[in-house]
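If you want the building blocks of each chain, they are given just below.
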Amino acid sequence: MTATRRELTIRLAGPRGFCAGVDRAILIVERALEKFGAPVYVRHEIVHNRFVVESLQEKGAVFVEELDEAPIDRPIVFSAHGVPKSVPADAEARQMIYVDATCPLVSKVHREVERHHMADHIVVLIGHAGHPEVIGTMGQVPDGSIVLVETVDDVATLNLPDNVPLAYATQTTLSVDDTAAIVDALRARYPHIAGPKREDICYATTNRQAAVRALAAESDAVLVIGAPNSSNSRRLVEVARVAGCPKATLVQRASEIDWAWLDGVRNLGVSAGASAPEILVDEVIEACRARFDVTVGEIIVAEEDVEFKLPRLLAS
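Below, the structure is looked at part by part. This one's a predicted model, so the numbers in the text were calculated from it and none came from an experiment.

**Quick look at the packing of helix H8 (residues 203–216) against helix H9 (residues 231–242)**
Two elements in contact, H8 and H9, have axes separated by 9 Å at closest approach and are oriented at 30 degrees. Taken together, H8 and H9 sit at an angle that is classed as roughly parallel. Relative to H9, H8 is oriented so that their crossing is right-handed. Between H8 and H9, the contacting residues are Thr205, Arg208, Gln209, Val212, Arg213 and Ala216 on the first element and Asn232, Arg235, Leu236, Val239 and Ala240 on the second. Classifying every residue of the contact of H8 with H9 gives five nonpolar, three polar and three charged.

Shown next, in the form of structure tokens:
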């Protein structure tokens, strides 16, 4: 007699997965391969997802850490996270063909930081030290003209001159709530600090966090699919926990699921970071179907129709 399988309701966060900037970056690599042939070199992971990186490697992309690892007679693509100004300058000095896949919303932050610097502001950047986006943003202006804060406590230790105008900018993939608290602390300490006309945290980050917040309220556990070095994916786990679902974790794909972790779980929320493809969500659902009697639903908090143009070099 076959044992009855336990019922499991999976609720998918909507939106989830790829954002317009990630779609564009991947398409840039694919178009570059079509235009120039393989190999095409890519400085750093094009987006933070091993499945995506390995898929592009199979098509002929070669990933390197620095420009000097790539031959000067092959094109090189800069990742979606953005690069310091010194990187395209080095590429031009080496007479390399390069394509910048920086997300346009990250580029917007770069231009904000440059404008503040030109206006003689010291810029306070809210972000995570060592993240490629932060390195790229800080590299838009000379050393000493931008300072990094990661937490509210960091604001208390800032030692900025009183007679210099200040401005702030933020990494695009931060926790909306945490960032708001840091901005409040900055404004309390420096009332005249200037901010962006529109918040720097991107629409995709905001929407995915809102969806996970709604998901957490109806879930016994939340599973976020994404890479451990993906800032926006890690933030989704944090958002789920703060929103009332402490049983939340990050996996890169179905093979990493600890099935014992799902003991007693009847309602499972599933989301995916902005650099995780939908095929990995499908993989998790199928792995669950192999073990449980699964019903799938969706909680949608926003619809997205954003598209970004390709660089002119690849648009034709």
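**Here we look at the pattern of salt bridges**
Close approach of charged atoms allows side chains with opposite charge to pair. Taken as a whole, this structure holds 16 salt bridges when the rule is applied. Close ionic contact of Arg111 with Glu114 constitutes a salt bridge, the shortest N to O distance being 2.6 Å. In this pair, Arg111 and Glu114 both sit in helix H4 (residues 104–118), three residues apart, roughly one turn of the helix. Of the residues examined, Glu114 reaches a relative accessible area of 19% and is grouped as buried. What you see here is one network of salt bridges that share partners, running through Arg16, Glu278 and Glu298.

**Quick look at the sheet that holds strand S9 (residues 221–225)**
Reading across from one edge, S10-S9-S11-S1-S12 is the order of the five strands in this open sheet, with parallel pairing throughout. Strand pairing shows two members of the sheet lacking a second neighbour, strand S10 (248–251) and strand S12 (293–300), which therefore form its edges. Across the sheet, the mean angle separating the axes of adjacent strands is 25 degrees when strand polarity is ignored. Two strands pair when backbone bridges link them, and S9 and S10 are joined in this way by four bridges, in the parallel orientation. Residue Val224 lies in a different strand from S10, and its bridge partner there is Leu250. Contacts between H8 and the sheet are confined to strand S1 (7–14), S9, strand S11 (267–272) and S12, with S1 contributing the most and set at about 155 degrees to the helix. Where H9 meets the sheet, it contacts S9, S10 and S11, and its direction lies at approximately 165 degrees from that of S10.

**Looking at unusual backbone geometry**
Excluding glycine, most residues fall at negative phi; most peptide bonds, likewise, are trans. Here Gly14 and Pro15 are connected by a cis peptide whose omega angle stands at 5 degrees. In this fold, Pro15 is placed in the loop between S1 and helix H1 (20–36). Geometrically, the link from Ala38 to Pro39 is a cis peptide bond, its omega value of 0 degrees lying close to zero. Relative to the helices and strands, Pro39 resides in the loop between H1 and strand S2 (40–43).

**Structural notes on the packing of H1 against helix H2 (residues 50–59)**
Where H1 meets H2, the axes come as close as 11 Å, and the angle between the chain directions of the two elements is 5 degrees. Between H1 and H2, the crossing angle belongs to the class labelled roughly parallel. In this structure, H1 contributes Ile26, Val29, Glu30 and Leu33 to the contact, and H2 contributes Val52, Leu56 and Lys59. Grouping the constituent residues of the contact of H1 with H2 by class yields five nonpolar, no polar and two charged.

**Quick notes on a negative patch on the surface**
There is a patch of like negative charges on the surface, built from Asp23, Glu303, Asp305 and Glu307. Secondary-structure assignment places Glu307 in the loop between S12 and helix H11 (312–315). By relative accessible area, which is 74% here, Glu307 ends up exposed.

About the cut-offs
- Residues numbered from 1 in each chain as written.
- Predicted model: local features only at pLDDT ≥ 70, side-chain atom pairs only at ≥ 80, totals over all residues.
- Heavy atoms only, no water.
- Axes fitted to C-alpha atoms, helices over the stretch in contact; angles between N-to-C directions.
- Helix = DSSP H or I, 4+ residues; strand = E, 2+ residues; numbered from the N terminus.
- Parallel < 35°, antiparallel > 145°, perpendicular 65-115°, else oblique.
- Left-handed = near helix turned anticlockwise from the far one by under 90°.
- Contact = heavy atoms within 4.5 Å.
- Nonpolar A, V, L, I, M, F, W, Y, C, P; charged D, E, K, R; others polar.
- Salt bridge = Lys/Arg side-chain N within 4 Å of Asp/Glu carboxyl O.
- Buried < 20%, exposed > 50% of the residue type's maximum accessible area, 1.4 Å probe, protein only.
- Pairing = 2+ DSSP bridges.
- Patch = residues over 30% accessible without salt bridge, like charges linked within 9 Å, V, L, I, M, F, W, Y side chains within 5 Å.
- Areas by Shrake-Rupley, 256 points an atom, 1.4 Å probe, with all protein chains shown as cover.
- Lys, Arg positive; Asp, Glu negative; His and termini not counted.
- Charge placed at Lys NZ, Arg CZ, Asp CG, Glu CD.

The quantities given are spatial measurements derived from coordinates; they are silent on function.
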